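Structure assessment
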Amino acid sequence: MKLPKCQYCDENAVWRRPWDKAIVCLNHFNRAFLKRVQRTVNKYNLFDRNEVIAVGLSGGKDSVVLLETLVRLQSSRDSTIIAISIDEGIANYREDGLKFARMTAKRLGVEHYEYSFKKNFGYDLDEAFTVLKGDEVAACAYCGPFRRKSLNLAAQEVGATKLATGHNADDEAQTLLMNVLRGDIMKTLHSNPVPTYKSPGFVNRVKPFRRTSEMEIVLYANLNNLPYQEQSCPYAVDSYRGEIRDLLLELMINDPSVVFSTVMSSDKLHEMRALLPNNERDSLNKPISSCQICNSPSNSDICNSCALIKEIEKRSQLQ
Ligand code: SF4
């Protein structure tokens, strides 16, 4: 279908936005995209001046577009941007992503650091999966804690004051639904999109794409010819998140703005924690303690990563 002229100028349109039906050319699409990210940064106070911002760069569309966007938005500010990639050790997948990550960092002139599960934990994801797979737990369940810890360690090591990740509005809507469906709504009350948490050894994570849809990110990458890894992780098929993603995509056929309204609900839920009785609110505000094994910030005596490593070691001895 041929699109008409942009509604703001004489250029040919490249997109008709599904939620407000606006018809825009490339220039106006890019302007609206950057404006939305800047508004998100302002709304949640994501950055101060003179920050060292580490961007988690996997080489996929979200992280490639995030690095590009932050470099463009921060160019007039005093902050420094650094890229960090984590090699989980997923055969026939991660090496390709790292190629795109290296290419993107080089093109943008951004310092790039690489870390790996193998180096941090002694096991890569494929090895961990081989040992733990009898549990019928999806690989993502242990990839997540390992990656969060790796990113936090890397961000500290490079002296970052913030860690920016490419989580988009679709990811955030999926997380809320997963928490609701698992009966774990307190997790949403606990997770603050504004980076105010202070704890030794913890680098605050920020999500500048919290109000940008996955659809816009793919379009931004493709319309601006940004190369990124298109292949999906081979473990993604197992994930519960994948089922929720399909559900949301189906709802979007009739209501394209459903991910935005779900993110707004998530924000409202977080704000509602002020209404909780004092004892419940205090338990949400409990300071993060340190893992007794690795000393990393943790909500329990032993952090999830160390607990998993202990389990892998125990199973390996039995096999
Ligand atoms: Fe890790 Fe799961 Fe993402 Fe693959 S899909 S990189 S296993 S979290």
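Everything that follows concerns the structure shown earlier in this document.
Residues numbered from 1 in each chain as written. Predicted model: local features only at pLDDT ≥ 70, side-chain atom pairs only at ≥ 80, totals over all residues. Heavy atoms only, no water.

**Points about the overall build of the chain**
Stated formally: Helix numbers and strand numbers start at the N terminus; a helix is a DSSP run of H or I with at least 4 residues, a strand a run of E with at least 2. Just to be clear, the radius of gyration here is over C-alpha atoms, and the globule rule we use is 2.2 Å times residues to the power 0.38. Exposure categories follow from relative accessible area, calculated using a 1.4 Å probe and restricted to protein chains: below 20% of the type maximum is buried, above 50% is exposed, and the middle band is partly exposed. Residue contacts follow a heavy-atom distance rule, with two residues in contact if any of their heavy atoms lie within 4.5 Å. His is not counted here, nor are the chain ends, while Lys and Arg score as positive and Asp and Glu score as negative. Charged groups are reduced to one reference atom each: NZ for lysine, CZ for arginine, CG for aspartic acid, CD for glutamic acid.
Per the secondary structure count, the chain includes 13 helices and 9 strands. The globule rule puts the C-alpha radius of gyration for 319 residues at 20 Å, and the 20 Å found for the chain is close to it. Along the first, second and third principal axes, the C-alpha set of the chain runs to 70 × 50 × 40 Å. The buried share of the chain, taken over its 319 residues, is 46%. Partitioning the intrachain contacts of the chain with sequence separation of at least 6 by distance along the chain shows that 73% fall at a separation of at least 24. Charge-centre separation for the chain: the mean point of 42 positive side chains lies 5 Å from the mean point of 39 negative side chains.

**What to know about the layout of surface pockets**
Applied cut-off: Residues are said to line a cavity or pocket when one of their atoms sits within 4 Å of a point; the points come from a 1 Å grid over protein atoms alone, cavities being sets where a 1.4 Å probe fits but cannot get out and pockets being open sets with protein on both sides within 12 Å along at least five of seven lines. Grid points are joined across faces, edges and corners, and a volume is the space filled by probe spheres set on the points. Here the term charged refers only to Asp, Glu, Lys and Arg, the term nonpolar to Ala, Val, Leu, Ile, Met, Phe, Trp, Tyr, Cys and Pro, and the term polar to all other amino acids, Gly among them.
By volume, the second largest pocket is sized at about 190 Å³. Residue lining of the second largest pocket: W15, R17, W19, D20, F29, A32, F33, K35, R36, R39 and E216, and that is the complete set. Here the lining of the second largest pocket is built from residues that sort into 5 nonpolar, no polar and 6 charged.

**A short note on helix α6 (residues 140-157)**
What counts here: Given a helix with a known number of residues, its expected span is that number minus one, times 1.5 Å.
Here α6 spans 25 Å end to end across 18 residues, near enough to the 26 Å set by a 1.5 Å rise per residue. The complete set of buried residues in α6 reads Y142, C143, G144, P145, F146, K149, S150, L151, N152, A154 and A155. G159, located one to two residues past α6, shows a positive phi value of around 75°.

**Examining the pattern of salt bridges**
Rule in force here: Between Lys or Arg on one side and Asp or Glu on the other, a salt bridge is scored when a side-chain nitrogen of the former is within 4 Å of a carboxyl oxygen of the latter.
Enumeration over the complete set of coordinates arrives at 20 salt bridges. Salt-bridge contacts for K118 lead to E127; the nearest nitrogen and oxygen are separated by 2.9 Å. Linked through salt bridges whose partners overlap, the residues forming this network are E172, K207, R210, R211 and D267.

**Structural notes on the site of the ligand**
Rules: Proximity criterion: a residue is near a molecule or strand once any of its heavy atoms comes within 4 Å of it.
Every residue lining the ligand is accounted for by E88, L125, C140, C143, R147, C233, Y235 and A236. Among the elements that make up the shell around the ligand, the one with the highest residue count is α6 (3 residues). Of the residues assigned to the shell around the ligand, the class counts are 6 nonpolar, no polar and 2 charged.

**With respect to the packing of helix α7 (residues 169-181) against helix α11 (residues 258-271)**
Let me state the cut-off plainly: Orientation is described by lines fitted to C-alpha atoms, with helices fitted over the stretch in contact, and by angles between N-to-C directions that extend from 0 to 180 degrees. Roughly parallel here means an angle under 35 degrees, roughly antiparallel means over 145, roughly perpendicular means 65 to 115, and every remaining angle is called oblique. Handedness of a crossing follows from how the near helix is turned relative to the far one, being left-handed for an anticlockwise turn of less than a right angle and right-handed for a clockwise one.
Two elements in contact, α7 and α11, have axes separated by 8 Å at closest approach and are oriented at 60°. On the basis of the axis angle, α7 is oblique to α11. In this structure, α7 crosses over α11, and the sense of that crossing is left-handed. In this structure, α7 uses A169, D170, E172, A173, L176 and L177 to contact α11, whose residues at the interface are V259, F260, T262, V263, S265, S266 and L269.

**Some remarks on the pairing of strand β3 (residues 52-56)**
To keep things clear, this is the line we draw: The criterion for strand pairing is that DSSP finds at least two bridges linking the strands in question.
The element β3 is largely enclosed, with a buried count of 4 among its 5 residues. Bridge count for β3 against strand β4 (residues 80-87) is 5 bridges, and the pairing is parallel. Bridged to A54 within β4 is I82. In this structure, β3 lies alongside strand β6 (residues 162-164), joined through 3 bridges in parallel fashion. Directly across from A54, in β6, lies its bridge partner L163.

**Quick word on the packing of helix α1 (residues 26-43) against helix α9 (residues 214-223)**
Relative orientation and spacing of two packed helices are given, respectively, by the angle between their axes and the distance between those axes. Look at α1 against α9: their axes get within 11 Å of each other, and the N-to-C directions meet at 130°. Of the possible angle classes, the one that applies to α1 and α9 is oblique. Helix-helix and strand crossings are classified by hand; for α1 and α9 the assignment is left-handed. Contacts from L26, F29, N30, F33, L34 and R36 of α1 reach α9 at E216, I217, L219, Y220 and L223. Split by residue class, the contact of α1 with α9 holds 8 nonpolar, 1 polar and 2 charged.

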